[in-house]
Amino acid sequence: MKKTISYLSTLGCAFAIALVATSCKVEDPFVDRVVAPVLVDIVGAPFGAPLAAEPTVTYPAADAKVVLKARLLELDKTNILDHTKGIDSIPVANIPMKITLRTGAALGEVTSNANGEVTLEKTWAELGLTAPKAGNTVKISWSGTHKGIAFTRLSQIQAK
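Predicted, not measured: the structure shown is a model, and the values here were computed from it.

K.L.:
If you had to explain unusual backbone geometry to someone new, which residues and values would you point to?
P.N.:
Backbone geometry at N94 places phi at a positive 60°, although glycine is not the residue there. In this fold, N94 is placed in the loop between β4 (88-91) and β5 (96-101).

K.L.:
How would you explain a nonpolar patch on the surface if you had to name every residue and give the values?
P.N.:
A grouping of L75, I80, L81 and I87 is seen on the molecular surface, where their side chains present a nonpolar patch of about 430 Å² in accessible area. Note that L75 resides in strand β3 (residues 65-76). Residue L75 is classed as partly exposed on the basis of its relative accessible area, which comes to 38%.

K.L.:
Explain the pairing of strand β1 (residues 39-42) residue by residue, including any values.
P.N.:
Looking along a regular strand, one sees side chains alternate from face to face of the sheet. Burial of β1 is one-sided: the residues V40 and I42 facing one way are buried, the residues L39 and D41 facing the other way are not. Where β1 and β3 come together, 4 bridges link them in antiparallel fashion. Counted as the bridge partner of V40 is L72 from β3.

K.L.:
Break down the sheet that holds strand β2 (residues 56-59) for me, citing the residues and quoting the values.
P.N.:
Taken in spatial order, the 5 strands line up as β2-β9-β8-β5-β6 in an open sheet, and their pairing is mixed. Of all the strands in the sheet, just β2 and β6 (106-111) have a single pairing partner and so form its edges. Ignoring which end each strand starts from, the neighbouring axes of this sheet average 25° apart. Relative to strand β8 (residues 137-146), β5 is paired through 5 bridges, and the arrangement is antiparallel. Each bridged residue has a counterpart across the sheet, and for M97 the counterpart in β8 is G144.

K.L.:
If you had to explain empty space enclosed by the protein to someone new, which residues and values would you point to?
P.N.:
Remark: the empty space left among the atoms is shown by a probe the size of a water molecule rolled over them. If you walk through the whole model with that rule in mind, you get 1 cavity of 30 Å³ or more. Each pocket or cavity is described by its volume, and for the largest cavity that value is around 50 Å³. Forming the boundary of the largest cavity are I42, V43, V57, Y59, V67, L68, K69, I140, W142, S155, Q156 and I157. Of all the elements in the fold, those that place two or more residues in the lining of the largest cavity are β2, β3, β8 and β9 (149-159). For the lining of the largest cavity, the per-class residue count stands at 9 nonpolar, 2 polar and 1 charged.

The rules we used
Residues numbered from 1 in each chain as written. Predicted model: local features only at pLDDT ≥ 70, side-chain atom pairs only at ≥ 80, totals over all residues. Heavy atoms only, no water. Helix = DSSP H or I, 4+ residues; strand = E, 2+ residues; numbered from the N terminus. Patch = residues over 30% accessible without salt bridge, like charges linked within 9 Å, V, L, I, M, F, W, Y side chains within 5 Å. Areas by Shrake-Rupley, 256 points an atom, 1.4 Å probe, with all protein chains shown as cover. Salt bridge = Lys/Arg side-chain N within 4 Å of Asp/Glu carboxyl O. Buried < 20%, exposed > 50% of the residue type's maximum accessible area, 1.4 Å probe, protein only. Pairing = 2+ DSSP bridges. Axes fitted to C-alpha atoms, helices over the stretch in contact; angles between N-to-C directions. 1 Å grid on protein atoms, 1.4 Å probe; cavity = no way out; pocket = protein on both sides within 12 Å on 5 of 7 lines; lining within 4 Å. Points joined across faces, edges and corners; volume = space filled by probe spheres on them. Nonpolar A, V, L, I, M, F, W, Y, C, P; charged D, E, K, R; others polar.

Printed below as a string of structure tokens:
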């Protein structure tokens, strides 16, 4: 009888420890989980490019200029439960954006217009490719702040 009680108490303690250990929420120390206040839609990327991936926009290697363009949208979720209305995408004007290469080199600073669009023209040389060839890629960062929350969207430019 004593062995049974000892066994049950040990089993109960082990169960309690397992329950406590699995109920703890472990935060990822490398990723900040703040949701971006705006959607940065890279213009020219294939439709439906996953938001978790880097959208890639292709430009002919022979073009003298490359036009970097994005739309900034705020999602109004007021009618999220009404299937006849849904979520509305509202352009966000007057957001200063810093566009850089992922190496940290600044490409320029622009402000979104009334349609929420930002545009920046650069040559291939300014993007770091003096003689672009098909398949060359340039990695870009789009950064800004809206409602006190900083955000960054990554994308790529590829020569074709």
